Amino acid sequence: MPLSEPTTLVSDWVLAAVAITLGAMLYRAGVGEGRRAQRLWAVAFLAGAVAALAGGAVHGFAPWLSPFAHDVLWKAVLVAIGLAGSLILAGTVLATLTGRWRGALLTGTAGQLAVYLALVSGSNDTRLA
């Protein structure tokens, strides 16, 4: 079975391996009191790895995927990218702000993710990511 985009598949999966490694290391280092931001960033790396794994599968095996499988994998890419971005932002807010600003911006981050997920639920457009 020849791959449709072998270079993209390999680069996506190498990116996923790096993101998994870095996410796991960051998560282990973030265990303890007051390390919530670090754990959020670690989970963001892992969400990025999910996006890279699914994206690599779509790019490498597109001709052999059913339309349903293609759509599910591509939706996983879009959702994981949005989740990663929101987790990075939430971790940054936790690491840098306190008080009402922190709560307001975390609420805004959750709202941004909700809007993004609503948009990608009806579209496969990568420009949304």
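Note that the structure is a prediction, hence the values are computed from the model and not measured.

About the criteria used
- Residues numbered from 1 in each chain as written.
- Predicted model: local features only at pLDDT ≥ 70, side-chain atom pairs only at ≥ 80, totals over all residues.
- Heavy atoms only, no water.
- Helix = DSSP H or I, 4+ residues; strand = E, 2+ residues; numbered from the N terminus.
- Buried < 20%, exposed > 50% of the residue type's maximum accessible area, 1.4 Å probe, protein only.
- Areas by Shrake-Rupley, 256 points an atom, 1.4 Å probe, with all protein chains shown as cover.
- Lys, Arg positive; Asp, Glu negative; His and termini not counted.
- Charge placed at Lys NZ, Arg CZ, Asp CG, Glu CD.
- Core = buried A, V, L, I, M, F, W, Y, C linked by side-chain atoms within 4.5 Å.
- Contact = heavy atoms within 4.5 Å.

Visitor: Describe the overall build of the protein, naming the residues involved and giving the relevant values.
Guide: Summing up its helical and strand segments, the protein has four helices and zero strands in all. Helices (α) and strands (β) of the protein occur, in sequence order from the N terminus, as α-α-α-α. Dimensions of the protein, computed from C-alpha atoms along their principal axes, come out at roughly 55 × 35 × 20 Å. By residue count, 28% of the 129 residues in the protein fall in the buried class. Accessible surface, the protein: about 7,600 Å² in total, of which carbon and sulfur atoms supply 71%. Side chains of the protein carry 8 positive and 5 negative charges; the gap between the two charge centres is 18 Å.

Visitor: I'd love a proper account of the nonpolar core, names of residues and values included.
Guide: Counting seven residues, the largest nonpolar core is built from Ala54, Val58, Trp74, Val77, Leu78, Tyr116 and Val120. Of all the secondary-structure elements, those providing two or more residues to this core are α2 (36-61), α3 (67-96) and α4 (99-121). Not counting residues within four places of it along the chain, the set of residues in contact with tryptophan 74 comprises Val58, His59, Asn124 and Thr126.

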